[in-house]
Amino acid sequence: MDLQLASFITAGALVVLGLYGFFFVDNVIKKIIALSIISSGVNLTLVAMGYREGGYVPIYIPTVEFQVFSKHMAYPLPQALVLTNIVIGASMLAVMLALSIVFYRKYRTLKTSVILKED
Amino acid sequence: MNLLPLIVVIPLLMAIVFSYIYRSKYIRLLTLLMALVLLVLPLLGLYGPYFFGGHGVVYIEGMPFVSGILYTLNPLKETLIFTLMLIGVLVLIISTREERLSGTFTALVLMGLASVSAVILTEDLFNLYVFYEIAAITQAGLVILAGREEAYRSAFRYLLVGTMAGSILLLGVGLLLSATGSLNIVDMGRYLALKPLTPTVYGALLMLIVGLAYGGGLPPFHTLKVDLYSRTKPFVAAILQTYSKFILIALMLVILKLFGGLPIFNTTRGVLIALSVFAMVFGTVMALLQDDYRRLLAYHTVSQGGYVALGLALGTPLGIVAGIFHGINHALYKSALFIGAHIVEKIKSPYMREVGGLLLAMPTVTFLILCAKLASIGIPPFNGFQSKLLLAEAVMSADMPELVILMLIVSIGTFLYMMKAFYLIFLKPCSEEQLREYREVRISKYHIFSLGLLVLLCIVLGLYPDMVLDRLLPLGEEIAIE
Amino acid sequence: MDYDRFKKEMEREGSGDSVSVGAGLTGELILYSFLVTGLFLLSRIFGKVLLATVGILAIGIGLHMMPMVFRFKRENSNHIVLQLFWISIFLGAISMIIFIAGSR
């Protein structure tokens, strides 16, 4: 099977699974995990977009001629995007996990429907 | 030399500095100095493009492509950034009168100012996404700083949904990148107009709309935004609502630039108009039912956001100009109202039934708040009247008279709840004892100065709307769709 | 719709004075006129008999459900379950609309 197609299917499955978990699971930590799964799916989509069958790594290789290199290089832009997105996602997750610790200390439960009830 | 990036770089750098010196003794003085620096920032850039890293335009088969990140400045963006910085400055000035000011607050406000001005300036879709997410974290952080449990809860809600919406927005950006091979908005728009549409593009459009609804506080995300505004101190809500209004404007312009010329845009326009009408009606109906003054103002923000989105969603030159003008006016009078709510909260309480008779205790503030209220309802000679009139004209010329009727009905609702709040807080009779209690609270000159400045700007813009409109009109015609 | 019934309903929510009841009634009327004007707009743009029928049905249901404001307020609460429910409905609805428009 084509590697790129397989990664796209995996990414789609990850996003759908993550959305399912986000909307239907009641546990705060599991919701946060689901969010992290969504963002992994998005990252995988981006990386798979720049994939090229038998391509070179997009770093400068002195032994390869530039013309050949530029023809066979993988697309480097999505990789830069993914790096940035991982950092943003990590900071979001850190804040959310810190807040869920605060809520757990107060309510002694992780149920979202209890912690975030109407007020 | 073009110093355009400094608009983003200086606040970001200073945010890092302020988060290191957050316990310094001189934090109030430094915050005031920083506020002065912020006022100069919008003057730094020159009109035109700025290419980061000197990567300019590359021609591939005769087609110009921008390689690298591009910021542009034009009169429209300059006006938006000036308004943003002005409100940021006023909020920073007021914050120096708070008892527990830490450098963290200043740092977060600066981070928000930097990220929102980057969202306005940038022509690169991924750059926009990055700063959009930073703005989301910043808003949650500013609410967390209020330090109460409800504030934590609303920030947590905002972040939970925000991570989901942000991921979906990024997926949309990725799909557009795969469809066009570029991240520059103008290049993408040109490419999309030439090539036949694929489901990838539709998916990207859908995901951008989700990001727009979250960032701008359109339904069904409005309850999150309302929580955010009403759980923090009201003067912080002033800057929060400015952030989300300007993100709404920037993202709407991006959608217009990308998909404006495509056949699918007709349906998209319908979806966006429906969303904005929902925002208008939901905001007003919910505001009518509130007892808490902060919550009332928060729902009012949602309904005015609907007006802004309605103007932009029409896509006609007049509609775009009216929408942006209303956004600017809204940022001004709404900040005045929030600062007024801060004064009310300081004196007694934000619950409208617990206060009353404030008119006798502080007539100046009452007069200024009344002016801001009249501006928000849309009564001449204030700026709200000018922009609502323009909006009504734009909607009429787009052949939707029903929406004008709806706008009028919503305006009547706005009038009703604003006057209800005014009566309950300022006019309702109160006892002598209570009046003495009110008079004991000292209101800082900084609060009255900020309130007065904003109201003055409302009146000036109401009398001379051409000051802003002349700067917006040429760009409205450029962006508008046929 | 009955003023007294409305007032009783408002008193149960804890705000039964005339100012609040007036505001609540205005909210009710705004919601109803939103329904009616929205249907006018839709039926003018699409001009279909089906839409008009559905519109009259919707108005009838609205009349039957009166007062709508209290239900509306409950749906607009900040309970996370309700919020996520409406967000998922929104995601589903706009994906349906855009893909139907795209497939045409």
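As named in an unreviewed UniProt entry, chain B is Energy conserving hydrogenase EhbF, taken from Methanothermococcus okinawensis. The record held by UniProt for chain B lists under Subcellular location (unreviewed entry) the comment "Cell membrane".

An unreviewed UniProt entry annotates chain A as NADH-ubiquinone oxidoreductase chain 4L of Methanothermococcus okinawensis. Recorded in UniProt for chain A, the comment headed Subcellular location (unreviewed entry) runs: "Cell membrane".

Now for the overall build of chain B. Per the secondary structure count, chain B includes 20 helices and 4 strands. Taking 2.2 N^0.38 as the reference for a compact globule, 482 residues should give roughly 23 Å; the C-alpha atoms of chain B span a radius of gyration of 22 Å, in line with that estimate. Based on the C-alpha atoms only, the size of chain B along its principal axes is roughly 80 × 55 × 40 Å. Looking at chain B as a whole, 66% of its 482 residues qualify as buried. Put simply, of all contacts in chain B between residues at least 6 apart along the chain, 81% involve residues at least 24 apart. Of the roughly 15600 Å² of accessible surface on chain B, a fraction of 66% belongs to carbon and sulfur atoms. Considering chain B, the positive charge centre built from 32 side chains and the negative charge centre built from 27 side chains are found 9 Å apart.

Residue and element names in this part refer to chain B. Relative to strand 3 (residues 63-66), strand 2 (residues 57-60) is paired through 4 bridges, and the arrangement is antiparallel. Its bridge partner lying in strand 3, Val58 is registered against Phe65. Connecting strand 2 to the antiparallel partner strand 3 that follows it, the hairpin turn spans 2 residues, and Glu61 within it adopts a positive phi of roughly 50°.

Taken together, the contact pairs 47 residues of chain B with 37 residues of chain C. Overall, the association of chain B and chain C removes approximately 3700 Å² of surface from exposure, summing both partners, and the carbon and sulfur fraction of that is 78%. One can count 1 salt bridge joining chain B with chain C. With its nearest N and O atoms 3.0 Å apart, the salt bridge here joins Arg44 of chain C to Glu402 of chain B. Summed over the shared surface of chain B and chain C, the result is 7 residue pairs in polar contact (both at pLDDT 80 or more). Sorting the residues of the side of chain B that touches chain C by element identifies helix 6 (149-180), helix 8 (199-216), helix 9 (222-231), helix 11 (265-288), helix 12 (293-314) and helix 17 (401-427) of chain B as the ones contributing at least two each. Ranked by the residues each element gives to the side of chain B that touches chain C, the list is headed by helix 11 of chain B, at 11 residues. Split into classes, the residues belonging to the side of chain B that touches chain C amount to 32 nonpolar, 6 polar and 9 charged.

Turning our eyes to something else, we now look at the UniProt feature "transmembrane region" (unreviewed entry) in chain A. Residues and elements named next belong to chain A. Under the feature "transmembrane region" (unreviewed entry), the UniProt entry names residues 6-25, 32-51 and 80-104. Measuring from the first to the last C-alpha atom of residues 6-25 gives 27 Å, for a span that is 95% helix and 0% strand. Secondary structure content for residues 80-104 is 100% helix and 0% strand, while the C-alpha to C-alpha distance between its ends is 36 Å.

What follows deals with the pattern of salt bridges. Residues and elements named next belong to chain B. A complete count under the given rule lists 17 salt bridges over all chains for this structure. With its nearest N and O atoms 3.6 Å apart, the salt bridge here joins Lys257 to Glu123. Remark: Glu123 occurs in the loop between helix 4 (103-121) and helix 5 (125-144) and Lys257 occurs in helix 10 (residues 234-259); sequence separation between them is 134 residues. The class of Lys257 is partly exposed, set by a relative accessible area of 31%.

To continue, consider the interface of chain C and chain A. On the side of chain A, 9 residues touch chain C, which itself brings 9 residues to the contact. Our enumeration of links across chain C and chain A arrives at 0 salt bridges.

For the rest of this paragraph, the subject is the UniProt feature "domain: NADH:quinone oxidoreductase/Mrp antiporter transmembrane" (unreviewed entry) in chain B. Mapped onto the present numbering, the UniProt feature "domain: NADH:quinone oxidoreductase/Mrp antiporter transmembrane" (unreviewed entry) falls on residues 123-410 of chain B. The span residues 123-410 of chain B shows a helical share of 82% and a strand share of 0%, and its end C-alpha atoms are spaced 35 Å apart.

Take the nonpolar core next. Across soluble globular proteins, nonpolar side chains show a tendency to be buried alongside one another. Residue and element names in this part refer to chain B. If you look at the biggest cluster of nonpolar residues, it comprises 241 residues, and the most contacted ones within it are Phe259, Val281 and Ile324. In terms of residues, this core owes the most to one element, helix 10, which gives 20 residues. Filtering out sequence-adjacent residues up to four positions away, Phe259 remains in contact with Leu176, Leu192, Val201, Leu205, Leu208 and Phe265.

In this model, helix 2 (residues 18-46) of chain C (29 residues) spans 42 Å end to end at C-alpha, consistent with the 42 Å of a helix rising 1.5 Å per residue. Following helix 2 of chain C by one or two positions, Gly47 of chain C has its phi on the positive side, about 60°.

All names here are of chain B. Summarising the element assignment, Thr72 is placed in strand 4 (residues 70-73). Within the structure, the side chain of Thr72 is placed 3.0 Å from the side chain of Glu123, a separation counted as a polar contact. Those residues in contact with Thr72 that sit more than four places away from it in its chain are Leu4, Gly48, Pro49, Lys77, Leu121 and Glu123.

What follows is about the packing of helix 2 (residues 27-40) of chain B against helix 3 (residues 75-95) of chain B. Residues and elements named next belong to chain B. Where helix 2 contacts helix 3, the axes come no closer than 9 Å and their chain directions differ by 170°. Relative to helix 3, the element helix 2 is oriented roughly antiparallel. Of the residues in helix 3, those touching helix 2 at Thr31, Leu32, Ala35, Leu38 and Leu39 are Met85, Leu86, Val89, Leu92, Ile93 and Ser95. Across the contact of helix 2 with helix 3, the residue classes tally to 9 nonpolar, 2 polar and no charged.

Summed over all chains, the structure comprises 17 aromatic pairs over all chains. Here the aromatic rings of Phe126 of chain B and Tyr129 of chain B are separated by 5.8 Å at their centres, their planes lie at 40°, and the arrangement is tilted. Of this pair, Phe126 of chain B and Tyr129 of chain B are both found in helix 5, 3 residues apart, which corresponds to roughly one turn of the helix. As far as the burial class goes, Phe126 of chain B and Tyr129 of chain B line up, both buried. For the ring pair Phe85 of chain C and Trp86 of chain C, a centre distance of 5.1 Å and an interplane angle of 70° mean the geometry is edge-to-face. On the basis of relative accessibility, which here comes to 42%, the residue Phe85 of chain C falls in the partly exposed class. Since its relative accessible area comes to 35%, Trp86 of chain C is described here as partly exposed. Following the ring pairs from residue to residue traces out a cluster consisting of Tyr132, Tyr158, Tyr214 and Phe221 of chain B together with Phe90 of chain C. In this structure, Lys106 of chain A is placed above the aromatic ring of Tyr107 of chain A, and the distance from its NZ or CZ to the ring centre is 5.9 Å. One cation-aromatic arrangement involves Lys388 of chain B over Tyr307 of chain B; the distance from NZ or CZ to the ring centre is 4.8 Å.

The next thing to look at is the packing of helix 12 of chain B against helix 13 (residues 317-347) of chain B. When two helices pack together, their arrangement is given by the angle between the helix axes and by the axis-to-axis distance. Residue and element names in this part refer to chain B. Packing of helix 12 against helix 13 brings their axes to within 8 Å, and their N-to-C directions diverge by 170°. In this view, helix 12 runs roughly antiparallel relative to helix 13, as classed from their interaxial angle. Here the contact of helix 12 with helix 13 is built from residues that sort into 13 nonpolar, 9 polar and 3 charged.

Together, Val9, Leu13, Ile16 and Tyr20 of chain B make up an exposed nonpolar region whose accessible area comes to about 430 Å². Looking at where Ile16 of chain B falls in the secondary structure, it is placed in helix 1 (residues 6-20).

This part covers unusual backbone geometry. Residues and elements named next belong to chain B. In this structure, the amide linkage connecting Pro219 to the following residue, Pro220, adopts the cis form with an omega of 5°. By secondary structure assignment, the location of Pro220 is in the loop between helix 8 and helix 9. Residue Glu61 is not a glycine yet carries a positive backbone phi of 50°. Along the chain, the position of Glu61 falls in the loop between strand 2 and strand 3.

How each quantity is defined
- Per chain, the residues get numbers from 1 upward, laid out in the order the sequence is written.
- In the order they appear in the text, chains get letters beginning with A and ligands get numbers beginning with 1.
- A pLDDT threshold of at least 70 governs which residues receive local features in this predicted model, and a stricter bar of 80 or more applies before side-chain atom pairs are shown or counted, although totals over entire chains, interfaces and linings include all residues.
- By convention in this description, side-chain values take in all heavy atoms of the structure and omit both hydrogens and water.
- UniProt positions are given in the numbering used here, feature names are shortened, and annotations may be inferred rather than shown by experiment.
- The way it works is that DSSP assigns letters per residue, a run of H or I at least four long becomes a helix, a run of E at least two long becomes a strand, and they are numbered from the N terminus.
- What the globule rule says is 2.2 Å times the number of residues to the power 0.38, and the radius of gyration is computed from C-alpha atoms.
- Buried residues are those whose accessible area, probed at 1.4 Å on protein chains only, stays under 20% of the maximum for their type, while exposed residues exceed 50% and partly exposed ones sit between those limits.
- Throughout, a residue-residue contact means that at least one pair of heavy atoms, one from each residue, lies within 4.5 Å.
- Only the protein chains shown count as cover for residues, and all accessible areas are computed by the Shrake-Rupley method using a 1.4 Å probe.
- Positive charge is attributed to Lys and Arg, negative charge to Asp and Glu, and no charge count is given to His or to the chain ends.
- By convention, the charge on Lys lies at NZ, on Arg at CZ, on Asp at CG and on Glu at CD.
- If DSSP finds at least two bridges between two strands, the strands pair.
- Buried area is calculated as the accessible area (1.4 Å probe) missing from two parts once they are joined, with the contributions of both summed.
- What counts as a salt bridge is simple: a side-chain nitrogen of Lys or Arg found within 4 Å of a carboxyl oxygen of Asp or Glu.
- Within 3.5 Å is the distance limit for a polar contact, defined as a pair of N or O atoms, with the added protein rule that one can donate a hydrogen and the other accept it, and that residues adjacent in sequence qualify only through two side-chain atoms.
- Here the nonpolar group is Ala, Val, Leu, Ile, Met, Phe, Trp, Tyr, Cys and Pro; Asp, Glu, Lys and Arg are the charged ones; every other residue, Gly included, is treated as polar.
- In these notes, a set of buried Ala, Val, Leu, Ile, Met, Phe, Trp, Tyr and Cys residues joined through side-chain atoms within 4.5 Å is what counts as a nonpolar core.
- To estimate the expected span of a helix, count its residues, drop one, and scale the result by 1.5 Å.
- Every angle, taken between N-to-C directions, lies between 0 and 180 degrees, and every axis is a line fitted to C-alpha atoms, over only the stretch in contact when it is a helix.
- Under this scheme an angle from 65 to 115 degrees is roughly perpendicular, one under 35 degrees roughly parallel, and one over 145 degrees roughly antiparallel; angles in between are oblique.
- The rule is short: rings of Phe, Tyr and Trp, with Trp giving its six-membered ring, pair when the centres are within 6.5 Å, and they are stacked under 30 degrees, edge-to-face over 60, tilted in between.
- We call a charge positioned over a ring when the NZ of a Lys or the CZ of an Arg lies within 6 Å of the ring centre and within 35 degrees of the ring normal.
- In this scheme, patches are assembled from residues that exceed 30% relative accessible area and form no salt bridge. Like charges are connected within 9 Å, while nonpolar side chains (Val, Leu, Ile, Met, Phe, Trp, Tyr) are connected within 5 Å.

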